[in-house]
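Per-entry structural report
Residues per chain, in single letters:
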Amino acid sequence: MVKISGTLYQYSFICERKLWLYAHGISMESDYENVKIGKIIDENAYGRNVKHILIDENANVDVLKDKIIYEVKKSSSEKEAALEQIYYYLYILKKKGIDDLNGELRIPKENYIESVFLTDEKYTEIEERMNYIIQIIDQDLPPKTKTKICKKCAYFEFCFVFISNPPYYLYFIHLIIS
């Protein structure tokens, strides 16, 4: 069974192709400027709190303080996905018997805070979303998709260089899944 990380769960709300590529070991973000900035913000924000708590080797909570888990983001550009990631962390913790926590999305640069509470309805939605994620990951080739954020994505060049050159794209994907 596929372990769905917080990152994979978040990507399922951003782009199916990004989700598929990341799940198959293709990560373009380590050298991407926006990601580097986000990591600096994460490292410097909330320094006196318990940070980077690994849950089940597949979810990494940014900060835990007073029974609230914080997800720290650089900007609100992917706010929905970030909120869903927090719900997912609360879901994982609830499955482990820890159900007295809530969450907050924190965007220090924008002085933004939004609270997150896991409901029974959201719990069911997460289980359905996990099935959807597995369906995407199990596809032989990455989905053809384009979102409004493509130009700001770390995968932009990968997606559009290979899409415009199908023989190279298919060969590369064949190497990955073989």
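Right above here is the structure, for reference.
Let me sum up the structure you'll find in this document. Along each chain, numbering runs from 1 in the same order as the chain's sequence is written. pLDDT decides what is reported in this predicted model: residues at 70 or higher carry local features, side-chain atom pairs at 80 or more are listed and counted, and totals for whole chains, interfaces and linings draw on all residues regardless. Heavy atoms throughout the structure, all of them, feed into the side-chain values; hydrogens and water do not.

**Quick word on the packing of aromatic side chains**
Definition in use: Classification of ring pairs rests on two measures: the distance between centres of Phe, Tyr or Trp rings, Trp counted by its six-membered ring, which must be within 6.5 Å, and the angle between planes, read as stacked under 30 degrees, edge-to-face over 60 and tilted in between. Helix numbering and strand numbering both begin at the N terminus, where a helix is a DSSP run of H or I of at least 4 residues and a strand a DSSP run of E of at least 2. Accessible area is worked out with a 1.4 Å probe on protein chains only. A residue is then buried under 20% of its type maximum, exposed over 50%, and partly exposed in between.
For the coordinates displayed, the defined rule picks out five aromatic pairs. When the centroid spacing of 4.4 Å and the interplanar angle of 5° are considered together, the rings of Tyr9 and Tyr88 count as stacked. Residue Tyr9 is located in helix H1 (residues 6–11), and its partner Tyr88 is located in helix H4 (residues 79–95); the two are separated by 79 residues in the primary sequence. Judged by its relative accessible area of 1%, Tyr9 is buried. The class for Tyr88 is buried, based on a relative accessible area of 3%. One aromatic cluster is present, built from ring pairs that chain together Tyr9, Phe13, Tyr88, Tyr91 and Tyr123.

**Some remarks on the pattern of salt bridges**
Using the following cut-off: Each salt bridge in this description consists of a side-chain nitrogen of Lys or Arg and a carboxyl oxygen of Asp or Glu lying within 4 Å of one another.
This model, assessed by the stated rule, comprises seven salt bridges. Residues Glu71 and Lys73 are paired through a salt bridge, measuring 3.1 Å at the closest nitrogen-oxygen approach. When sorted by exposure, Glu71 lands in the same class as Lys73, which is buried. Measuring nitrogen to oxygen at the nearest pair gives 3.9 Å for the salt bridge that ties Lys79 to Glu114.

**Side note on the environment of Ile107**
Within the element layout of this structure, Ile107 appears in strand S4 (residues 102–107). When its relative accessible area of 0% is taken as the criterion, Ile107 is described as buried. A C-alpha to C-alpha distance of 6.0 Å links Ile107 and Lys74, two positions 33 residues apart in sequence.

**Notes on the layout of surface pockets**
The condition that has to hold: For each structure, a 1 Å grid was placed over the protein atoms alone; sets of points admitting a 1.4 Å probe that cannot get out are labelled cavities, open sets with protein on both sides within 12 Å along at least five of seven lines are labelled pockets, and lining residues have an atom within 4 Å of a point. Grid points are joined across faces, edges and corners, and a volume is the space filled by probe spheres set on the points. Charged means Asp, Glu, Lys or Arg here, nonpolar means Ala, Val, Leu, Ile, Met, Phe, Trp, Tyr, Cys or Pro, and polar covers whatever is left, Gly included.
Empty space within the second largest pocket amounts to approximately 210 Å³. Around the second largest pocket sit twelve residues that line it, and Asp56, Asn58, Tyr88, Ile92 and Met130 are the ones nearest its centre. With four residues, the top contributor of residues to the lining of the second largest pocket is H4. Here the lining of the second largest pocket is built from residues that sort into seven nonpolar, one polar and four charged.

**Things to note about the packing of H4 against helix H5 (residues 120–137)**
What counts, and what does not: Interaxial angles span 0 to 180 degrees and are taken between N-to-C directions of axes, which are lines fitted to C-alpha atoms, for helices over the stretch in contact. In this scheme, roughly parallel covers angles under 35 degrees and roughly antiparallel covers those over 145, while 65 to 115 is roughly perpendicular and the rest are oblique. In what follows, residue pairs with any heavy atoms lying within 4.5 Å of each other are defined as contacts.
H5 packs onto H4 with a crossing angle of 100° between their chain directions and a minimal axis gap of 10 Å. In this view, H4 runs roughly perpendicular relative to H5, as classed from their interaxial angle. Between H4, through Glu84, Tyr87, Tyr88, Tyr91, Lys94 and Lys95, and H5, the contact on the second element is made entirely by Asp120, Lys122, Tyr123, Ile126, Glu127 and Met130. Partitioned by chemical class, the residues of the contact of H4 with H5 number six nonpolar, no polar and six charged.

**Observations regarding the pairing of strand S5 (residues 112–116)**
Here is the rule: Here, a strand pair is defined by DSSP locating no fewer than two bridges between the strands.
Pairing of S4 with S5 involves five bridges; the strand directions are antiparallel. Counted as the bridge partner of Leu105 is Glu114 from S5. If you look at the hairpin formed by S4 and S5, you'll find four residues sitting between the two strands, and Asn111 has a positive phi there, around 55°.

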